[in-house]
Amino acid sequence: MDLKLLNTNQRDAVEKIGGPILVFAGAGSGKTRVLTYKIAYLINNIGLPPENILAVTFTNKAAQEMKSRVVDLVKADISGIYIGTFHSISARILRREISLLGYTNDFIIYDQQDSRTLIKNIIKNLDLDSKQFDAKSVQIRISSVKNLLHSVSHVGSNIENFNDEKFHQIYKEYQNELKLSNCVDFDDLLLLPIELFNKNPERLKWYQNKFKYVLVDEYQDTNKPQFEFIYSLSSSHKDIFVVGDDDQSIYGWRGADISNILNFQEAFGTSNVIKLEQNYRSTQNILTAAWSVVSKNINRAEKKLWTKNKKGDNLDVIEAFDERDEAKKILNKITNYKKEFNETSILYRTNSQSRAIEDELRKAGIPYQIIGGVKFYDRKEIKDIICYIRVIVNSNDSISFDRVINFPSRGIGNTSLNKIHQYSKSNLLSIFETLKHADNLQVNNKQTQGMKAFYKLITHYKKRSKEDKGSNIIRDLIKDINLQAYYDNQKTDDALSRWENIEEFISSMVEYEINNKNADLSTFLEEISLLTDIDRWNDTDESITLMTVHSAKGLEFNQVFITGLEDGLFPIVRYLEDSDIEEERRLFYVALTRSKKKIILSYAKSRRKFGSEPIITMKSRFIAEIPEELITFESNNKLENNKNYNYNVSALNNIKNNCASEIHIGENVEHKVFGKGKVINIEGIGDNSKLTIKFYNNMTKKLILKYANLKVIGENYGK
DNA sequence: GGCGTTTTCATTTGT
DNA sequence: TGAAAACGCC
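Below is a short write-up of the structure. Given the structure is predicted, the values throughout are model-derived calculations rather than measurements. (Residues numbered from 1 in each chain as written. Chains lettered and ligands numbered in written order. Predicted model: local features only at pLDDT ≥ 70, side-chain atom pairs only at ≥ 80, totals over all residues. Heavy atoms only, no water.)

1. Quick look at the protein's contact with DNA strand C
To keep things clear, this is the line we draw: Whether a residue is near a molecule or strand is decided by its heavy atoms; if any one of them lies within 4 Å of it, the residue is near. Counting of polar contacts relies on pairs of N or O atoms within 3.5 Å, with two restrictions inside protein: one atom must be capable of donating a hydrogen and the other of accepting it, and residues adjacent in sequence are counted only when both atoms are side-chain atoms.
Near DNA strand C you find Lys120, Arg355, Phe610 and Gly611, and these make up its full shell. Those atoms of DNA strand C that come within 4 Å of the protein belong to sugar or phosphate at a rate of 33%. Contacts to DNA strand C include lysine 120, whose side-chain N or O atom sits 2.7 Å from a phosphate oxygen. Here a base nitrogen of DNA strand C and a backbone polar atom of phenylalanine 610 are 3.3 Å apart.

Structure below.
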């Protein structure tokens with residue numbers, strides 16, 4: 001490990017040991033490097049065993065990367081280290097300790113959708129007006145109450161009106177049901193360890209003693225429970241090292257408390273404060289632009305970022321007619337620039353903006369990956385399987401039970417289901433064990449048989465789950481319930497792709513089992529509940545990445561598009577409050593500082609909402625906050641057409657080099673994303689021609705030759 | 001109870 | 001636009 005590779009302040013941050021340390025790390029100032037060197041330094045130079053280190057990162061992917069970089073530096077086994085997100089570390093602790101709180105260690109982690117279903121049921125059961133108490137707003141309120149560390153009884157003693165009273169009832173019932181189901185929600189994951197430590201000081205002491213050094217990344221985005229968590233672990237020894245940047249605080253809406261970083265010294269006592277102000281990532285122009293923007297904020301810590309990097313290009317601004325035009329112009333730009341697809345990212349404020357861009361990329365055959373939006377594990381067909389697994393792992397999980405008891409149909413509808421629930425409640429049986437008493441439920445024979453069949457099925461797999469691999473079990477279960485036939489019979493593309501997703505899901509189980517020696521159904525469930533799209537993201541793939549600015553935090557690319565720069569969309573401000581606009585501005589700052597070389601800003605003069613009539617929009621105020629001399633405005637003029645023409649010639653050369661022959665009908669070709677296929681039609685000539693290709697997976701696509709980047713694999717391939 | 005059709009309503013951002 | 005809820009018929 002060569003500390004000479006670090007600048008003075010970075011080195012200072014690495015070598016200073018003892019007492020609280022706060023590092024203000026500006027964008028691109030090498031903070032990941034500091035964190036990895038620091039951990040390596042603790043292990044190698046200080047002699048601290050890895051199992052005494054707790055490091056909190058923002059994503060699981062970041063944790064993995066950090067771990068492998070540390071291994072490279074210390075060249076030793078560090079598998080004992082605790083490194084991960086707040087949520088995954090909390091889950092890990094709870095797996096060992098949760099019995100102290102009256103749950104069992106095979107608890108299930110409910111996602112937002114599960115929580116909402118539960119809340120919806122509770123509202124219904126309490127006979128409340130579902131308009132007045134809509135599940136979504138109640139869910140948001142419960143979450144924010146939890147983030148303030150307000151318990152059910154705390155809420156109960158602060159009731160001011162009818163609404164509060166009913167809310168208290170729902171909250172209370174919600175926590176009851178979670179516990180009965182042996183389930184926790186995302187917020188509980190952070191709250192339960194705190195409760196555990198409060199109630200069991202000797203467990204707290206044990207963990208304080210275990211985690212002799214605590215490191216936290218992205219400290220500006222920690223919320224109250226997260227602060228409590230690390231404070232209780234580290235306040236005894238004060239060996240805590242946090243890294244953050246108040247200018248990049250973008251999670252205020254989910255309870256992140258910027259005062260955690262601004263008041264760090266107050267909370268932990270006299271601390272070393274180190275500032276990393278040299279930016280190694282971006283060009284001078286990008287940094288100046290970003291700095292001019294964020295400097296407009298009032299509420300921020302004193303610092304200044306600088307760079308030795310060269311000036312670089314101006315920032316381009318594209319004006320488009322509407323969102324489709326915007327997408328087309330982006331596409332043009334992408335091909336205008338060097339073909340470093342994996343070094344290009346398209347960012348937007350809201351997930352729904354991805355559609356128009358996605359459509360254009362797909363049409364052009366440019367490979368891309370989308371992060372966020374509907375997550376893989378949230379898809380209906382996947383969630384069904386997950387709920388089967390949950391029921392196998394945990395007999396008490398009633399939300400998951402409800403989902404699969406009648407899927408595929410066993411003739412058990414709402415009426416029977418209600419009877420099951422009632423019987424379960426009045427006889428204090430787990431929802432699953434209630435089925436054992438199907439004969440007492442006063443339902444018709446068809447229903448009774450259905451229940452018994454389901455009971456037998458799950459019992460069988462419960463038993464097998466103790467002796468066989470999860471992937472085998474689920475494969476067999478899927479066969480037992482005839483799932484493939486269920487989808488095949490629908491004979492729609494949609495059903496087909498759903499079945500393909502299920503196959504992919506099983507592959508992901510297999511992969512997980514290969515990578516994890518102690519894999520079982522329960523650990524697999526935990527893994528997927530805490531995985532995000534970013535964690536699954538393949539950043540070495542030759543493809544463009546589309547994501548929200550929030551998802552892009554911590555990442556960097558050569559070329560970054562920031563799209564939808566319209567007032568009302570970015571910034572998305574609803575109520576013109578100063579604190580909101582400052583967070584939006586920080587978000588824009590984060591977006592700008594993702595880029596190393598090139599930034600393209602775009603906005604549309606009109607935009608459709610929900611695919612309805614276009615609404616006239618206005619250019620974002622943020623564009624005007626960038627010094628004019630750093631910006632090149634582009635519009636539809638001759639100059640740009642010329643540029644396109646020049647580019648197309650080189651694109652054609654590229655194709656020629658790649659293909660080594662001209663493409664004609666009947667040719668077999670290979671596409672990076674869609675695989676192998678046969679050209680069945682060609683419209684137009686030259687590199688602009690549109691090819692219709694039937695791929696071997698039965699998909700037929702129209703692609704434009706110059707973008708499709710096809711490999712010719714010969715006419716006789718596979719006949 | 002099942003299943004197809006109509007209607008409604010939503011968009012910040014995500015662990 | 002498109003998914004989920006509500007509706008209505010078998």
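2. Side note on the sheet that holds strand S1 (residues 21-25)
Going by this rule: Whether two strands pair comes down to DSSP finding at least two bridges between them. Only DSSP runs of H or I reaching four residues or more are called helices, and only runs of E reaching two or more are called strands; each is numbered from the N terminus. Convention adopted: a line fitted to C-alpha atoms gives each axis, helices being fitted over their contacting stretch, and angles between N-to-C directions are expressed from 0 to 180 degrees. By the convention used here, residues are in contact when the closest approach between their heavy atoms is within 4.5 Å.
Pairing is parallel across the open sheet formed by six strands, whose spatial order is S3-S2-S6-S7-S1-S8. Across the chains shown, the open sheet's two edge strands, defined by having one partner strand only, are strand S3 (82-84) and strand S8 (272-276). This sheet shows a mean twist of 10 degrees between the axes of neighbouring strands, independent of strand direction. The pairing of strand S2 (residues 53-56) with strand S6 (residues 213-216) spans four bridges and is classified as parallel. Paired with leucine 54 across the two strands is valine 214, which belongs to S6. Across the sheet, helix H2 (residues 31-44) touches S1, S2, S6, strand S7 (240-244) and S8, and the angle it forms with S6 is around 170 degrees.

3. Focus: the pairing of S1
Under the convention used in this document: Each residue's exposure class comes from its accessible area (1.4 Å probe, protein chains only) as a fraction of the maximum for that residue type: buried when under 20%, exposed when over 50%, partly exposed otherwise.
Burial analysis of S1 places five of its five residues in the buried class, which makes it a mostly covered element. Alternating positions in S1 separate into two faces, Ile21, Val23 and Ala25 on one and Leu22 and Phe24 on the other, with burial throughout. In the sheet, S1 pairs with S8 via five bridges, with the strands oriented parallel. Each bridged residue has a counterpart across the sheet, and for isoleucine 21 the counterpart in S8 is asparagine 272. With four bridges connecting them, S1 and S7 associate as parallel partners. Each bridged residue has a counterpart across the sheet, and for leucine 22 the counterpart in S7 is valine 242.

4. Details of the sheet that holds strand S14 (residues 595-604)
The strand order across the open sheet formed by seven strands is S11-S12-S10-S13-S14-S9-S17, and the pairing between neighbours is parallel. With partners counted over all chains shown, the strands left at the sheet margins are strand S11 (368-370) and strand S17 (631-634), one partner each. Averaged over all pairs of adjacent strands, the angle between their axes in this sheet comes to 20 degrees, without regard to strand direction. Pairing geometry for strand S9 (residues 315-320) and S14, over five bridges, is parallel. The residue of S14 that forms the bridge with alanine 320 is alanine 604. Packed onto the sheet, helix H14 (residues 284-294) meets S9 and S14 and runs at close to 50 degrees relative to S14.

5. Details of unusual backbone geometry
In this structure, the amide linkage connecting phenylalanine 407 to the following residue, proline 408, adopts the cis form with an omega of -10 degrees. Here proline 408 is to be found in the loop between helix H18 (398-404) and helix H19 (414-426). For the bond running from phenylalanine 570 to proline 571, omega is 10 degrees, close enough to zero to count as cis. Structurally, proline 571 is set in the loop between strand S13 (557-562) and helix H27 (578-592). Within the chain, lysine 238 stands out as a residue other than glycine whose phi angle is a positive 60 degrees. With respect to the helices and strands, lysine 238 occurs in the loop between helix H11 (224-234) and S7. At leucine 428, a position not held by glycine, the phi torsion is positive, near 50 degrees. Residue position: leucine 428 is located in the loop between H19 and helix H20 (445-464). The exposure class assigned to leucine 428 is exposed, which follows from its relative accessible area of 79%.

6. Observations regarding helix H16 (residues 354-364)
Turning to H16, its buried residues number three or more, namely Ser354, Ala356, Ile357, Glu358, Glu360, Leu361 and Ala364. Backbone geometry just after H16 places glycine 365 at a positive phi near 75 degrees.

7. Considerations on the side chain of glutamine 278
As for its placement among the helices and strands, glutamine 278 is situated in the loop between S8 and H14. A relative accessible area of 13% means that glutamine 278 is categorised as buried. Side chain to side chain, glutamine 278 and tyrosine 280 meet in a polar contact 3.1 Å long. With residues near it in sequence (within four places) discarded, glutamine 278 still touches Asn7, Gly28, Ser29, Leu305, Trp306 and Lys308.

8. What to know about the environment of glutamate 323
By secondary structure assignment, the location of glutamate 323 is in helix H15 (residues 323-336). What makes glutamate 323 buried here is its relative accessible area of 12%. For the pair glutamate 323 and methionine 451, spaced 128 residues apart in sequence, the C-alpha separation works out to 51 Å. Setting aside its immediate chain neighbours within four residues, glutamate 323 contacts Ala356, Ala604, Ser606, Arg607 and Arg608. For glutamate 323, the side chain forms a polar contact with the side chain of arginine 608, separated by 3.0 Å.

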